[in-house]
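# Residue-level structure breakdown
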Amino acid sequence: MTLLADPDAPTEVAQRVAPVLAARLADRSGPGRQFDVQVVSEPFTAGTEDLPTLTRRITDRARAQHGDIVVALTDLPLHSHGRKIVVDLSHEHGWALLSLPSLGSLGFHRRVRRTVEEIVLGLAGARATGGEEPSQRLPLGRSAGRLAPVRPDPTGEEETADRRYVVSGPRGYLRVLFGMVRANRPWRLVPGLSKALAAALATGAIATVNSTLWSLAASLGTPRLVIAMVGSVVLMIGWLIVDARLWHRSTDPSPEERKRTVLYNASTVMTVGIGVIVCYAGLLVVNLMWALFILNDRVFTSMTRTPLQASEYWTLSWFVASVATVGGALGSGFESDKAIRAAAYSKREQERRRMLEQDQD
């Protein structure tokens with residue numbers, strides 16, 4: 001069998017599950033049955049989000065494999081009549097198209113492995129019965145999660161796929177959203193904001209030795225510190241999205257496209273938000289260490305009339321982290337839009353946004 005994977009994250013997923021997949025398939029299919037699993041990294045979704053086009057490409061690949069089972073993995077969220085597609089299968093041609101975001105984020109690799117196992121065993125069973133779909137339905141609901149059950153959905157007569165599994169409703173929407181955020185890998189945003197982090201660290205270092213900020217931090221209660229933290233994080237997120245033009249706008253007024261636009265923008269906010277929160281936590285730790293090293297008890301007490309204790313270190317570092325985050329937002333203006341997009345999005349999402357910009361131009 002062949003795992004056909006989009007470049008970047010899907011290829012990494014395929015390479016991770018492939019080593020154990022062959023042995024597990026052999027164990028579950030009975031004695032004497034062997035499976036050879038190969039990973040092919042190929043941008044089969046390049047230039048399109050059209051589902052019929054994708055399935056046609058996979059069908060051509062399956063034919064080129066001379067009867068080999070092909071399971072295609074993509075981090076592209078697939079839609080059909082308002083429902084989020086988990087997998088499309090063609091028992092006749094021996095292929096399946098699996099949308100990785102539909103599997104969510106928690107226990108992701110385990111879900112991928114189990115889902116691919118069920119798919120391959122079902123397609124292999126169809127081959128054993130002369131290309132007909134087995135009567136037993138694939139138990140993807142158990143392997144893909146109970147919180148948002150996976151259920152069969154009819155396919156159109158003009159479609160190549162003969163079986164489809166989808167998730168729908170708010171829970172299905174959330175699982176696809178979290179899966180898209182995971183595919184973007186928001187932790188990569190931290191090194192991608194090198195200039196913004198440098199500005200934030202410099203702001204924090206200067207603010208820590210500012211006696212006016214000592215007095216201000218000592219006078220702030222927890223509610224105001226929380227407000228300052230939330231405000232600075234929201235400002236940073238908003239600035240990055242606006243300055244780097246990360247907000248998706250669609251010219252297609254169809255309800256399907258509006259839902260897709262909301263999904264893409266929600267994943268952008270969450271991706272950037274997680275990256276900014278990680279940066280904030282890092283700034284807080286660095287500022288605390290800097291304060292422990294640089295502050296003098298006698299000088300601090302003479303300026304604020306408050307003894308320098310653990311609570312004062314924490315309060316000052318917390319407030320300075322908020323101030324430094326605002327400084328980092330200003331420093332992010334020195335980052336290129338391409339650098340921020342490369343850090344915030346998967347390669348498939350970067351390609352999709354380049355296509356939209358070209359169409360608009």
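What counts as what
- Residues numbered from 1 in each chain as written.
- Predicted model: local features only at pLDDT ≥ 70, side-chain atom pairs only at ≥ 80, totals over all residues.
- Heavy atoms only, no water.
- Phe/Tyr/Trp six-rings, centres within 6.5 Å; stacked < 30°, edge-to-face > 60°.
- Helix = DSSP H or I, 4+ residues; strand = E, 2+ residues; numbered from the N terminus.
- Buried < 20%, exposed > 50% of the residue type's maximum accessible area, 1.4 Å probe, protein only.
- UniProt positions renumbered as here; feature names shortened; annotations may be inferred.
- Core = buried A, V, L, I, M, F, W, Y, C linked by side-chain atoms within 4.5 Å.
- Contact = heavy atoms within 4.5 Å.

The name an unreviewed UniProt entry gives the chain is 5,10-methylene-tetrahydrofolate dehydrogenase, with Streptomyces fragilis as the organism.

Tallied over the full model, the rule gives two aromatic pairs. On the numbers, 5.9 Å between centres and 45 degrees between planes, the contact of tryptophan 314 with tryptophan 318 is tilted. With tryptophan 314 and tryptophan 318 both in helix H12 (residues 310-331) and four residues apart, this pair spans about one turn of that helix. Given the relative accessible area of 11%, tryptophan 318 is considered buried.

What follows is about the UniProt feature "transmembrane region" (unreviewed entry) in the chain. Mapped onto this structure's residue numbering, the UniProt feature "transmembrane region" (unreviewed entry) falls at residues 196-217, 223-242 and 262-293. Along residues 196-217 one finds 91% helix and 0% strand; the C-alpha atoms at either end are 24 Å apart. Structurally, residues 223-242 is divided into 100% helix and 0% strand, and its ends, taken at the C-alpha atoms, are 28 Å apart.

Core analysis: the largest hydrophobic core is formed by 52 residues, its most contacted members being Met1, Leu3, Val71, Leu97 and Val116. Among the elements that line this core, the one with the most residues is helix H3 (residues 108-128), at seven residues. Here methionine 1 is in contact with Leu21, Leu25, Asp36, Val37, Gln38, Asp68, Ile69, Val71 and Val120, once residues within four sequence places are set aside. Ranked by size, the runner-up nonpolar core spans 31 residues in total, among them Ala244, Val276, Leu284 and Ala329.

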